[in-house]
Structure formats: C-alpha cells, structure tokens
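# Topology and contacts: notes
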Amino acid sequence: MKRLFWMLYVVQIALVLVLSDAIAAGISVDAGLTPAEDRWILRTQMRYMERDDDPTSMNRKMDRYTLNIVLAYGLRRNLTLVLKQPVVHQEISMAGSTSKDTGLANLSLLAKYGIYRRNTPEHTFGVAMTFGLELPTGADAFTSETWDVNSGLYMSWRRGSWASDFNIAYAWNGLADESSRGTNPGDELSLDWALAHQFSIGGEAEVALAPVLEVSYKNIGQDRLYSHDVADTGETILYISPGIKFTKSSLILEALAQIPVWQEQEGSQLKRSTGGFVGIRFMF
Amino acid sequence: MRNRFLLVLVSSFWIGVIGCTVANRGVITEPAKQDFEIRIYEVLGMDCPGCHGGLEKLVRKIPAVQEAKANWEKRQLVVTVRPGAELNDEDIYDAIGRANFTVGKRIK
C-alpha cells in the first residue's frame, strides 16, 4: 500500500510539473453514463488559464487559477445531483502594474438524467442530459451577477478498451439580472468529442491508465446592453486537448492540457494560451 | 513562482486525500471459503476499475450478503452469502440494475 501511495504521489507531481502552464475543460469521457444509485463523488480540479497576446499597446496579461470543488450524488440509478463551487484567484498585469483578486465564482446546481443505457458483452452505450442553474454568489468580481441556465446532451460509447464521447451543451446566460448595470451576458455553445484508450495495470483489475484526446469547440456570444452588443466581448475557440486518466478503485487522478488551435475574439480581447488542469475524484 | 504555487497547493491536497484513504483502509481478511456459500454473477456494463465500487456498495447493503467483490475485466460479481442467511438472486439483480449495469447469467 505504501508503494502505491508513493507511486500516486510521483504521478501527481509529474502531472503538476507538466501541466502547470495550462488551462482546461474537464475530461468528458463517461459523461453520458450516470453513476450508481447512492454513489457519492467528490471531485476537485485545479485549473490554470492564461490570456496574453494583447492586440493593444497596454501589454495586458491575465493569469487565472480556479479550484473547482464538485460534489455529486446518485439519487436514483438515472438521476444524479451535482453541486459545484469554483474558487478563483486572478492576476491581471497592465502597463507594468499587477492587480490580484481572489473570490467565489458562481455556484452551480446541476441535475443529470440518464435517458438511455445499453450494456452488452460487446459494448456499453449511454445517453444523458443535464439541466443546471448557476447562481450568483454576489460576493466579488468573479460572480456573473445573473442567474444562468444551462443544458447539455452527452453520449458515451465503450467497446473493449476504447471509449468515445460526444457532448453538446448550451448556456443561456443572464436570464435574471441581479445587477444594476443591466448587462446581459452572451450565451455559450460547447461541442466536445473525446476518444480514450484504457490500459489495465497489474493483475487484479484494480488499476487502469487511459490516455485521452479531446476536440472542443466553444462559442461565447457577445454581451448585450440595452439591445446593443457590448464591445470586447464574445469569442470562438477550437481546442485540441490531450490528457490522461489514472483510476485506482475509488480514486481517479486526471489531467488535461488544452491547446487552442484556432480562436477569434471580438474587439481587443486577449488571446487564450495553452492551459490545463489536474484533478482528483474520490468515489464512495 | 506560479509552478511552485500549484505544486504546493495540489500536492498538499492530494497527499491528504490519498493518505487518509490509505490510513482508513481496513485489512479485509478472507473468510474460510468452506464456511460460506459463494455465488458468481455475470455483470455487463462494468468498464473500468472505478465502475464497480458503486455495485459493491449496493450489494453489501443486502442483509444476506457477507461480502461482495466485482471485477470489471472478468465482468463478474462474486458474492459471499452470510452463514445461515437466505439470499434471493432477485435482490442481487435489483442491485445490479440500480448500479446501471445489466445482469448476465449466474455463473455459480
């Protein structure tokens, strides 16, 4: 057991070193499969996002660290409830000076419903949909100041040691405005395709390692104010994201690098750089 | 600086979680097999080491079950029946369904 502990620790250190300069979206493999009834999942992720390549002469740069804390519970075999609270630390540099801020971002409540699941000796196929609500925490600069609704459709397919997922999600932002500014944030469309291959390690079927490759498209609409588009908002990004997932019984370690291969921002926004995350999932 | 910050933060958390997991993990002693009835079921849909934990948890809640151990590679669930107890297969099948898996055949 001690050997395993140190092995996990070394893997974790390696992942941190490799990915400490990255940002990411979550590994989406298995998103279409709901967990067992009465199953608890505690998940944390440390993400890093960097924005630079300032098109203006102000030489702006932004570093954002997000610690996502997620708790999920299998209320029924096909219904999972999820609670997510991000904690954000952000540093913005501009014209030689740097400002730092830390606080809570929006609190998310999410329900995931398994629409279809087929298990055969050859393959497993599952379809699930989600319906979520983002609540403004109201405490600081990272909350959206609006109530946002999101929904997604997730499909997971597994055959032998191969797994593939296709996900589509849409967020209707700014349904109920809590701010006095009246800005309506742009909606978000996300498409994601993932492929993974799982290797079993050891003879007791307790440990597995799975390299993952994801292709993600994200479109964020421009904010609206008094029926007019807000300048310097809205963007479209295409990512290719290699990652890895290590599973040991009820413990999953995961990491993903997110490489923007194409992006277009409205106005004079900063470009997104390569980012990533490291995360841990504990199931009980 | 950024790398060190991440390294320290994430390392500390993971060391804590993994350490607690290791420390709280009890030693399961194998019962003498001749004293217990062993049943083996085929289960479809288990595809990774993390999948079968939910099934084992549900099966262990059945009063007549002494111990349950699933193997995703063999697609098998091994159930040890509590001595003197009557275990209904339907209870096992119900647990397999609630874990989002599909019952195959009873192997033993």
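Residues numbered from 1 in each chain as written. Chains lettered and ligands numbered in written order. Predicted model: local features only at pLDDT ≥ 70, side-chain atom pairs only at ≥ 80, totals over all residues. Heavy atoms only, no water.

### Looking at the overall build of chain B
When you go through chain B residue by residue, the secondary structure sums to 3 helices and 4 strands. Residues counted as buried form 44% of the 108 residues belonging to chain B. A sequence separation of at least 24 residues applies to 60% of the contacts in chain B between residues at least 6 apart. Accessible surface, chain B as shown: approximately 5,800 Å² in total, 54% of it carbon and sulfur. (Helix = DSSP H or I, 4+ residues; strand = E, 2+ residues; numbered from the N terminus. Buried < 20%, exposed > 50% of the residue type's maximum accessible area, 1.4 Å probe, protein only. Contact = heavy atoms within 4.5 Å. Areas by Shrake-Rupley, 256 points an atom, 1.4 Å probe, with all protein chains shown as cover.)

### Description of the environment of P211 of chain A
All names here are of chain A. Looking at where P211 falls in the secondary structure, it is placed in strand 11 (residues 207-220). On the basis of relative accessibility, which here comes to 37%, the residue P211 falls in the partly exposed class. Those residues in contact with P211 that lie beyond four places of it in its chain are L195, A196, H197, F199, G243 and I244.

### Examining the side chain of Q269 of chain A
Residue and element names in this part refer to chain A. Among the secondary structure elements, Q269 is positioned in the loop between strand 15 (251-265) and strand 16 (271-272). Given a relative accessible area of 16%, Q269 falls into the buried group. Among the polar contacts listed, one links the side chain of Q269 to the backbone oxygen of G234, at a separation of 2.8 Å. Looking at Q269, its side chain comes within polar contact range of the main-chain oxygen of E266, at 3.0 Å. (Polar contact = N/O pair within 3.5 Å; in protein donor to acceptor, adjacent residues only side chain to side chain.)

### Examining the environment of R47 of chain A
Residue and element names in this part refer to chain A. In this structure, R47 sits in strand 1 (residues 40-52). Note on R47: relative accessible area 19%, which makes it buried. Residues R47 and V278, 231 residues apart in the sequence, show an inter-C-alpha distance of 6.7 Å.

### Some thoughts on the pattern of salt bridges
In this structure the tally under the stated criterion is 22 salt bridges over all chains. The salt bridge involving R224 of chain A is made with D229 of chain A; its shortest N-O contact spans 2.7 Å. Judged by relative accessible area, D229 of chain A falls into the partly exposed class, the value being 44%. Bridged by salt links that share partners, the residues E37, R39, D89 and R106 of chain B form one connected network. (Salt bridge = Lys/Arg side-chain N within 4 Å of Asp/Glu carboxyl O.)

### Quick look at the environment of V261 of chain A
Residue and element names in this part refer to chain A. Relative to the helices and strands, V261 resides in strand 15. On the basis of relative accessibility, which here comes to 47%, the residue V261 falls in the partly exposed class. Spatially, the C-alpha atom of V261 lies 25 Å from that of S93, the residues being 168 residues apart in sequence. In contact with V261, not counting residues within four places along its chain, are L238, Y239 and I240.

### So, the packing of aromatic side chains
All names here are of chain B. Tallied over the full model, the rule gives 7 aromatic pairs over all chains. With centroids separated by 5.9 Å and ring planes inclined at 90°, the aromatic side chains of Y41 and Y93 adopt a geometry described as edge-to-face. One end of the pair, Y41, is in strand 1 (residues 37-44); the other, Y93, is in helix 3 (residues 89-98), and 52 residues separate them in sequence. In this structure Y41 comes out as buried when scored by relative accessible area, which is 0%. (Phe/Tyr/Trp six-rings, centres within 6.5 Å; stacked < 30°, edge-to-face > 60°.)

### A word on the confidence of the model for chain B
Residue and element names in this part refer to chain B. Per-chain confidence: chain B averages 78 in pLDDT, with 69% of residues scoring 70 or above. Segment residues 19-31 is flagged for pLDDT under 50; beyond a separation of four residues in sequence, or across chains, it makes 10 contacts in the model. For this predicted complex, the interface confidence score (ipTM) comes to 0.79, while the overall pTM stands at 0.80. (pLDDT = per-residue confidence, 0-100.)

### Topic: the sheet that holds strand 2 (residues 65-71) of chain B
All names here are of chain B. Strand order across the open sheet formed by 4 strands is 2-3-1-4, with antiparallel pairing between neighbours. Strand pairing shows two members of the sheet lacking a second neighbour, strand 2 and strand 4 (102-106), which therefore form its edges. Sheet twist, expressed as the mean angle between neighbouring strand axes with direction ignored, is 30°. Two strands pair when backbone bridges link them, and strand 2 and strand 3 (residues 76-81) are joined in this way by 6 bridges, in the antiparallel orientation. Across the sheet, V65 pairs through a bridge with V81, a residue of strand 3. Here helix 2 (residues 52-60) sits on the sheet in contact with strand 1, strand 2 and strand 3, set at roughly 165° to strand 2. (Pairing = 2+ DSSP bridges. Axes fitted to C-alpha atoms, helices over the stretch in contact; angles between N-to-C directions.)

### Digging into unusual backbone geometry
All names here are of chain A. Positive phi, normally seen in glycine, also occurs at Y226, with a value near 50°. Its place among the elements puts Y226 in the loop between strand 12 (224-225) and strand 13 (228-229). With a phi close to 65°, S227 is a non-glycine residue in the positive phi region. Mapped onto the secondary structure, S227 falls in the loop between strand 12 and strand 13. Note on S227: relative accessible area 61%, which makes it exposed.

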